[in-house]
Amino acid sequence: MIAACALMVTAIAQKPAVNSTPVKRNLNVVIPNVIDQPTFGVAPQQNANFFVKENLAFTPIRINSSGNIYGMLVSQENNLAANQDLNLIMMTHRGGPINGASGQILGSFSINGGTNWDTTNIIYDGNPNPGRYPSGVIYNPTSNTDINNAWAVVAGPALNPSGAGFGFDFFAWKKFNGATAQKYVNTSGDDGQLCRLNLQVTNNGTFWMTGDAHEDDGTYYTAFHHVLWKGVMASENITWTNTIITPNSLLNGGKPTGRPYSSVAFAPDGQIGYFICLGIPAGSTNYSYRPMVKKTTDGGANWVDMPDFDFGTLEQINTVLPAIATSETKVVPFFDIIKDAVVDANGNLHFVSFIQAGSTDNVDSIGYTWVFQNISGYIYDTYTTATGWDAEAIDIVYAKDAENALGTLTYDERLQMAISPDRTKIFYTWADTEPDYGEFNELPDLRISGFDINSKYRTESFNVTKNSGLEASAFYHTTAPQVWKTGDTYTLHNVVFEMGTEDVSPVNLYYLKGVEIMESDFQPVSVRNIDNTLANVSQNYPNPTNGMTSVDVSITKPTTLSIEVVNIMGQVVYIENKGKVGEGKYRFNFDASKFNSGIYFYTVKANNNAHTSKMIVQ
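Residues numbered from 1 in each chain as written. Predicted model: local features only at pLDDT ≥ 70, side-chain atom pairs only at ≥ 80, totals over all residues. Heavy atoms only, no water.

Novice: Just checking my understanding: could you explain the overall build of the protein chain for this structure?
Specialist: Of the regular secondary structure elements, the protein chain holds one helix and 47 strands. The buried share of the protein chain, taken over its 618 residues, is 61%. Contacts in the protein chain between residues far apart in sequence, at least 24 positions, make up 63% of those at least 6 positions apart. Accessible surface computed for the protein chain: about 21,800 Å², of which carbon and sulfur atoms make up 48%. (Helix = DSSP H or I, 4+ residues; strand = E, 2+ residues; numbered from the N terminus. Buried < 20%, exposed > 50% of the residue type's maximum accessible area, 1.4 Å probe, protein only. Contact = heavy atoms within 4.5 Å. Areas by Shrake-Rupley, 256 points an atom, 1.4 Å probe, with all protein chains shown as cover.)

Structure follows, in structure tokens:
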């Protein structure tokens, strides 16, 4: 198979339109002798049942409407917030056509777990600058149990009074029992400054958000300037200040090597926090787009650059990257847009993104990546540790972005994160279209997967909307960062949009009530997380295949050993049990010509160990 090389938009690429993914430019360069899929090495077990766990028995409840979907395009906006102490959920969105005007920002909210919604709560009045791309959070002062003493806080970019172009940022805050809201409108003086990413609040009443004020010459970025906003509440007033962060990036042709989106994440106490963007540090000869991180331990008073790191050394990354092409000296990790970020119970940063395979270590070609032809890519949670970094491969996204799917709208996967109250469980949500429906994400279902940071246990990848009234129509979902826990039950909060026939049509907002994951759903799924009885499982070879194929297994101590192959619907098509075996190396051989063409998963089991990989049958 032959793979194409695509030039990703970086510092030397075109300035993207206001959407959640930069534009890609394909140079149509054909590089021979490269298979169209990577060798998947360590793969999450839950892929074997990717389409089996379906429909978590939720109830869709209409919240409100909005004038159109514009303003909700960016998955890094925090539109949905939840507070378990108050049994309060708030959806932040633009008004219209029924409640509020298009430039007004509403905080529709529920105080009974999402069953009923107050849709009249206008937090930002849109005067004189119409609001766009809104985010919203709930600030509940310590020990407060009365919703009337809690605050709705919203922020985002705003238009000129004429409605032509940006140039302003709005911030507004209002008690839930308040008649009017307070607001602050900042004149950025820069059409490119968009305050819209990762709004959050800490327990000490500080608010954080990022935006951008990048420079460009009309075609290329010429400088990256990330805007870090901080709000401090005192005497029921929030004072907002911003800091411009200009990464010390490697220059290529006089232009900085970087990516346009940034993120910020803080621990609940407001002391430990991280600012993160993507690029290549100045002076580096490792030409890989990777995280450039600043950390604070004193609430943002001081920020320290974290040491640079070679992410190609991480097992979970380098085993998934495609095989090295004969025309290249090496393949390097290429981080493609930060989607979301959280801080866990240990004070470590986690961020979710795709990691692609950079195709070269030549400074003149650092924007090239090997592309997947049959899948969109692999989702990764990349996180800090006491000694550096590690990563967890979350799952595959099959469908590619649907460019201009409705007018100028792009339907993408909208990766987002949520975290449990004790911050030991992280949940990932995204949209994907089943391969049987098409290769583009035009018929999305909502997916959820969970990860325990301590045990490294994982959940299945749940297809939430399969076999429901929202099957193949979970458009522009948004997930609250806050997960509720009652006993052994984790409740996730999600909203999807009912689209109109045109991109400017009004949309309806639906809350998915009852999306619950149990403690027992977290299971050991990776050989490195158990006892290493199963030391190594090879990728089947050859892969792709249409005949005999083999899987090699290394065992470190006596165990029972078996293999099971399932198709993409989770149906078992082959089983082989070798019974009790001793320490050593073993091989499974089976005839894939008996299988229909398509995607399959094989799981090797040794006692309680299990390892799953993917194979292609042509």
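Further notes follow.
Novice: Where do I start with the confidence of the model for the protein chain in this structure?
Specialist: Considering every residue of the protein chain, the mean pLDDT works out to 84; 86% of them sit at 70 or more. Contacts of residues 323-327 to residues separated by more than four positions or lying in other chains number seven contacts, the stretch itself having pLDDT below 50. Per-residue pLDDT stays below 50 along residues 526-531; that stretch engages in 21 contacts with residues further than four places along the chain or on separate chains. (pLDDT = per-residue confidence, 0-100.)

Novice: Sorry, what's going on with the sheet that holds strand β4 (residues 80-83) here?
Specialist: In any sheet, the strands associate via hydrogen bonds between backbone groups, in a parallel or an antiparallel arrangement. Taken together, four strands build an open sheet; the order of strands is β4-β5-β6-β7 and the sheet is antiparallel. Looking along the sheet, the strands with just one partner apiece sit at the ends: β4 and β7 (122-124). Here the average twist between neighbouring strands, direction ignored, is 25°. One ladder, built from four bridges, connects β4 with strand β5 (residues 88-94); its direction is antiparallel. In the strand pairing of β5, Asn83 is matched with Leu88. (Pairing = 2+ DSSP bridges. Axes fitted to C-alpha atoms, helices over the stretch in contact; angles between N-to-C directions.)

Novice: Looking at this structure, I do not really get the pattern of salt bridges. What am I missing?
Specialist: It is possible for side chains bearing opposite charge to pair when their charged atoms get close. Within the structure shown, the criterion is met by 15 salt bridges. In this structure, Asp308 and Arg290 form a salt bridge, with 2.8 Å as the shortest nitrogen-oxygen distance. Remark: Arg290 occurs in strand β22 (residues 290-296) and Asp308 occurs in the loop between β23 (304-305) and α1 (315-318); sequence separation between them is 18 residues. For Asp308, a relative accessible area of 44% gives the class partly exposed. Note that Lys339 and Glu413 form a salt bridge whose closest N and O atoms lie 2.9 Å from each other. Residue Lys339 is located in strand β24 (residues 332-343), and its partner Glu413 is located in the loop between β30 (409-411) and β31 (416-419); the two are separated by 74 residues in the primary sequence. In this structure Lys339 comes out as buried when scored by relative accessible area, which is 2%. Judged by its relative accessible area of 2%, Glu413 is buried. Each of Lys425, Asp452, Lys485 and Glu519 takes part in one network of salt bridges that share partners. (Salt bridge = Lys/Arg side-chain N within 4 Å of Asp/Glu carboxyl O.)

Novice: Got a minute to help me understand the side chain of Gln316 in this structure?
Specialist: Tracing the backbone through its elements, the reader meets Gln316 in helix α1. Classification of Gln316 by relative accessible area gives buried; the value is 3%. At 3.2 Å, the side chain of Gln316 and the backbone nitrogen of Ala393 are in polar contact. (Polar contact = N/O pair within 3.5 Å; in protein donor to acceptor, adjacent residues only side chain to side chain.)

Novice: How do you make sense of the environment of Thr486 when you look at a structure like this?
Specialist: The topology assignment puts Thr486 in strand β36 (residues 484-486). Taking the C-alpha atoms as reference points, Thr486 and Gln84, separated by 402 residues in sequence, lie 9.7 Å from one another. Of note is the side chain of Thr486, whose polar atom sits 3.5 Å from the side chain of Gln84.

Novice: Just to check I follow, could you spell out the pairing of strand β28 (residues 389-397) for this structure?
Specialist: In regular strands, side chains alternate between the two faces of the sheet. Of all nine residues that make up β28, nine are buried, and the element is covered over most of its length. Inspection of the sheet shows strand β27 (residues 377-384) paired to β28 by eight bridges, in the antiparallel sense. Considered in β28, the bridge of Thr382 is made with Ala391. Where β27 folds back onto β28 in an antiparallel hairpin, the turn is made up of four residues.

Novice: I would appreciate a short explanation of the sheet that holds strand β40 (residues 515-518) in the present structure.
Specialist: Reading across the sheet, the three strands line up as β36-β37-β40 and stay open at both edges, with antiparallel pairing between neighbours. Each edge of the sheet is formed by a strand with only one pairing partner; in this case those strands are β36 and β40. On average, each strand axis in the sheet is tilted by 30° relative to the strand beside it, whichever way the strands run. Here three bridges tie β36 to strand β37 (residues 489-492), and the two strands are oriented antiparallel to one another. Counterpart to Trp484 in the pairing with β37 is Thr491.

Novice: Is there a simple way to think about unusual backbone geometry in this case?
Specialist: For the peptide bond that leads from Gly96 to Pro97, omega is -10°, which places it in the cis range. Relative to the helices and strands, Pro97 is located in the loop between β5 and β6 (105-110). Of note, the amide linkage connecting Asn127 to Pro128 takes the cis form, showing an omega dihedral of 0°. Mapped onto the elements of the fold, Pro128 is located in the loop between β7 and β8 (135-139). Even without a glycine there, the phi angle at Lys456 is positive, about 65°.

Novice: Sorry, what's going on with the pairing of β22 here?
Specialist: Most of β22 is tucked away, with five of its seven residues classed as buried. Pairing between strand β21 (residues 273-279) and β22: seven bridges, direction antiparallel. Bridging from a neighbouring strand, Phe275 pairs with Lys294 of β22.

Novice: Got a minute to help me understand the nonpolar core in this structure?
Specialist: Burial of nonpolar side chains together is a common tendency in soluble globular proteins. The biggest cluster of nonpolar side chains holds 34 residues, and the ones touching the most others in it are Ile317, Phe335, Leu349, Phe351, Tyr380 and Trp389. Contributing elements (two or more residues each) for this core: β21, β24, β25 (349-358), β27, β28 and β46 (598-606). Within the second largest apolar cluster, 24 residues are counted, among which are Ile63, Leu73, Met91 and Phe475. (Core = buried A, V, L, I, M, F, W, Y, C linked by side-chain atoms within 4.5 Å.)

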